[in-house]
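Residue-level structure breakdown
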Amino acid sequence: TADYAFVNPRLSALYGIPAPVMEGFGYTDLPLDSNRVGLLGQASFLGLHAHPVSSSATLRGKAVRNILLCQVIPAPPVEVDTSIPEPSGTTLTLRERVAEHLTEPGCAACHQFTDPIGLALENFDGIGRYRERDNGERIDASGDLDGERFEDMIGLASAVREHPAFAPCMVRTLSHYAMGRVATQEERNWIATLSDRFEGHGYRMKRLIMEFIMSPLFTKVGAPEEVEESP
């Protein structure tokens, strides 16, 4: 939910804000009319999780589930057609085309967990540039994250931060990278403790990193897990 960013002149032009520096990246506050905050508002995130020539509610929604909530979305069955219908006279926006796509039971089973999230990012095209219309129609960026309603990507960012899976996911991901392995059963109590502290300190990543490197997860070697030998 950060209301600031680090941008260079080219990125600031994409964001539609003044460049804070002439070369390299510099700190800048994001104005309210930029309609973007935090990680979800970064062109890096929006562009990476999109198609080469268009946005993607599915890819962006899946990224939120996978990366920020540590939830797994299964791959579609081999025989299912995953293509989204092309714009027509009655289905101009991606939301309208996705709704038509979700009439297929084989698609709806998974897309109901990704698309309502990704549609909140539809105000940003495939490279992360802000827009208010899709094929001439005003974009509806409202949605739902596991029962938490929001009206736009700023509301989505808040809903993700307050989601019960967010803090544990961030701590597990950090521990996995820092230790180079998955935490053992005995170490998971510390994962839960650090999750509580992360939430209690207002989701400050620098504070979480400091807490982690001072914890036994980083300062001590865990006992090896028992592995059954093959016959």
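Residues numbered from 1 in each chain as written. Predicted model: local features only at pLDDT ≥ 70, side-chain atom pairs only at ≥ 80, totals over all residues. Heavy atoms only, no water.

Within the chain, the secondary structure is distributed over 10 helices and 6 strands. Here the chain holds 231 residues, and the buried ones make up 39% of them. For the chain, long-range pairs separated by at least 24 residues make up 55% of all intrachain contacts whose partners lie at least 6 apart in sequence. In the structure as shown, the chain presents an accessible area of about 13,800 Å², 55% of it carried by carbon and sulfur atoms. (Helix = DSSP H or I, 4+ residues; strand = E, 2+ residues; numbered from the N terminus. Buried < 20%, exposed > 50% of the residue type's maximum accessible area, 1.4 Å probe, protein only. Contact = heavy atoms within 4.5 Å. Areas by Shrake-Rupley, 256 points an atom, 1.4 Å probe, with all protein chains shown as cover.)

Enumeration according to the criterion identifies 8 salt bridges in this entry. We note a salt bridge from glutamate 211 to arginine 207, for which the minimum N-O separation is 3.4 Å. Linking glutamate 211 with arginine 207, this pair stays in helix H9 (residues 205-213), spanning 4 residues, or about one helical turn. By relative accessible area, which is 13% here, glutamate 211 ends up buried. (Salt bridge = Lys/Arg side-chain N within 4 Å of Asp/Glu carboxyl O.)

Right, let's get into the packing of helix H8 (residues 188-200) against H9. Between two packed helices, what matters for the description is the angle formed by their axes and the separation of those axes. The contact between H8 and H9 brings their axes to 9 Å, and the two run at 150°. The angle between H8 and H9 places the two elements in the roughly antiparallel class. In this structure, the crossing between H8 and H9 has a hand that is right-handed. Contacts from Leu194, Arg197 and Phe198 in H8 reach Met205, Leu208, Glu211 and Phe212 in H9. Looking at side-chain class alone, the contact of H8 with H9 contains 5 nonpolar, no polar and 2 charged residues. (Axes fitted to C-alpha atoms, helices over the stretch in contact; angles between N-to-C directions. Parallel < 35°, antiparallel > 145°, perpendicular 65-115°, else oblique. Left-handed = near helix turned anticlockwise from the far one by under 90°. Nonpolar A, V, L, I, M, F, W, Y, C, P; charged D, E, K, R; others polar.)

Time to look at the packing of helix H7 (residues 166-179) against H8. Taken N-terminus to C-terminus, the directions of H7 and H8 make an angle of 125°; their axes are 8 Å apart at the nearest point. In terms of orientation, H7 lies oblique with respect to H8. The chirality of how H7 crosses H8 is right-handed. Counting all contacts with H7, which are made through Phe166, Ala167, Pro168, Met170, Val171, Arg172 and Ser175, the residues of H8 involved are Ile191, Leu194, Ser195 and Phe198. In terms of residue class, the contact of H7 with H8 is built from 8 nonpolar, 2 polar and 1 charged.

Working note: α-helix, 3.6 residues per turn, so residues spaced by three or four point in the same direction. If you check which residues of helix H6 (residues 153-162) are buried, you get Met153, Leu156, Ala157, Ala159 and Val160. Axial view of H6: buried residues confined to an arc of 165°, hence all on one face. Backbone nitrogen of isoleucine 154 and a side-chain oxygen of the N-cap are separated by 3.2 Å at the start of H6; the cap is aspartate 152. (Arc of directions from axis to C-beta. Polar contact = N/O pair within 3.5 Å; in protein donor to acceptor, adjacent residues only side chain to side chain.)

This part covers the nonpolar core. Nonpolar side chains tend to gather and get buried jointly when the protein is soluble and globular. Among the nonpolar cores identified, the biggest contains 35 residues, and Leu40, Leu156, Val160, Phe166 and Phe198 are the most heavily contacted of them. Contributing elements (two or more residues each) for this core: helix H2 (43-48), helix H3 (57-68), H6, H7, H8 and H9. Take this core: its biggest share by element is 7 residues, from H7. Discounting residues that sit within four places of it in the chain, phenylalanine 166 has contacts with Leu68, Leu69, Val160, Arg161, Phe198 and Tyr203. Listed in part, the 7 residues of the second largest apolar core include Val7, Tyr15, Ile17 and Leu30. (Core = buried A, V, L, I, M, F, W, Y, C linked by side-chain atoms within 4.5 Å.)

With 12 residues, H3 extends 16 Å from end C-alpha to end C-alpha; this agrees with the ideal 16 Å at 1.5 Å per step. Within H3 the residues assigned to the buried category are Ala57, Arg60, Gly61, Ala63, Val64, Arg65 and Leu68. Directly beyond the C-terminal end of H3, a positive phi value near 55° is found at cysteine 70. (Expected span 1.5 Å × (residues − 1).)

Turning to the environment of phenylalanine 113, a few remarks are in order. With respect to the helices and strands, phenylalanine 113 occurs in helix H5 (residues 105-118). For the pair formed by phenylalanine 113 and arginine 65, sequence separation is 48 residues and the distance between their alpha carbons is 8.2 Å. Once you skip the residues sitting within four places of it in the chain, phenylalanine 113 turns out to touch Arg65 and Ile73.

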